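Chain residues, written in single-letter form:
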Amino acid sequence: MIYMVTLGGSIKGANLEVHSIQFVQADKLEDTFDILRERWYGDSLHIDGITPFQFIDGYEIVEDGMSEQIPYLIVYGGYQAGIIDELHAYHVVLA
């Protein structure tokens, strides 16, 4: 299974929580924890969101190592009047 995991936590010098989106492959979510800890660059860490992928763009994800296509995350960001935070939209594609 491929998981898209949104990590959140603190880093030295940051006044707000920071985030990182990671793709990780494992049989079950618990098997991703050590990998995610190794990839984290901050002081504290927690999971804010989990999206398991069985299909992307209508194609079933088969983990045989033969495909030349890999998932990419496209993030669109922008601001809306009256809202202080940047708004985001996410799209996952194979390429």
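Our subject is the structure listed above.
These notes cover the structure that comes with them. Treat the numbers as computed from the prediction; the structure is a model and nothing was measured.

Cut-offs applied
Residues numbered from 1 in each chain as written. Predicted model: local features only at pLDDT ≥ 70, side-chain atom pairs only at ≥ 80, totals over all residues. Heavy atoms only, no water. Patch = residues over 30% accessible without salt bridge, like charges linked within 9 Å, V, L, I, M, F, W, Y side chains within 5 Å. Areas by Shrake-Rupley, 256 points an atom, 1.4 Å probe, with all protein chains shown as cover. Salt bridge = Lys/Arg side-chain N within 4 Å of Asp/Glu carboxyl O. Lys, Arg positive; Asp, Glu negative; His and termini not counted. Charge placed at Lys NZ, Arg CZ, Asp CG, Glu CD. Helix = DSSP H or I, 4+ residues; strand = E, 2+ residues; numbered from the N terminus. Pairing = 2+ DSSP bridges. Axes fitted to C-alpha atoms, helices over the stretch in contact; angles between N-to-C directions. Buried < 20%, exposed > 50% of the residue type's maximum accessible area, 1.4 Å probe, protein only. Core = buried A, V, L, I, M, F, W, Y, C linked by side-chain atoms within 4.5 Å. Polar contact = N/O pair within 3.5 Å; in protein donor to acceptor, adjacent residues only side chain to side chain. Contact = heavy atoms within 4.5 Å.

### Focus: a negative patch on the surface
Together, Asp 27, Glu 30, Asp 31, Glu 63 and Asp 64 give the surface a local cluster of negative charge. Counting through the fold element by element, Glu 30 comes out in the loop between strand S2 (18–25) and helix H1 (33–39).

### A look at the sheet that holds strand S1 (residues 2–9)
Overall, antiparallel pairing links the three strands, which are arranged S2-S1-S3 in an open sheet. The outermost strands of the open sheet, each flanked by one partner alone, are S2 and strand S3 (46–53). Neighbouring strand axes in the sheet, compared pairwise and without regard to direction, differ in orientation by 20 degrees on average. For S1 and S3, the ladder comprises seven bridges, and the chain directions are antiparallel.

### Overview of unusual backbone geometry
At Asp 57, a residue that is not glycine, the phi angle is positive and equals roughly 55 degrees. You can see Asp 57 is positioned in the loop between strand S4 (55–56) and strand S5 (59–60). Accessibility expressed as a relative area gives 43% for Asp 57, which makes it partly exposed.

### Focus: the pattern of salt bridges
This model, assessed by the stated rule, comprises one salt bridge. Between Asp 34 and Arg 37 there is a salt bridge, with its nearest N and O atoms 2.8 Å apart. With Asp 34 and Arg 37 both in helix H1, this residue pair falls three residues apart, about one helical turn. Classification of Asp 34 by relative accessible area gives exposed; the value is 53%. Arg 37 gets classed as exposed once you look at its relative accessible area, which sits at 51%.

### Examining the nonpolar core
Membership of the largest hydrophobic core is limited to eight residues, which are Tyr 3, Val 5, Leu 7, Val 18, Val 24, Leu 29, Leu 36 and Trp 40. When residues of this core are traced back to their parent elements, those giving at least two are S1 and S2. The biggest single contributor to this core is S1, with three residues. Residues Ile 2, Met 4, Ile 61 and Leu 94 belong to the second largest nonpolar core, which totals seven residues.

### Some words on the side chain of Gln 22
Take Gln 22: it is sitting in strand S2. Relative accessible area serves as the criterion here: at 16%, Gln 22 is assigned to the buried category. For Gln 22, the side chain forms a polar contact with the side chain of Ser 20, separated by 2.9 Å. Engagement of the side chain of Gln 22 in a polar contact is seen with the side chain of Arg 39, the distance being 3.1 Å. Non-local contacts of Gln 22, meaning those with residues more than four positions away in its chain, are made with Tyr 3, Met 4, Val 5, Leu 7, Leu 36 and Arg 39.

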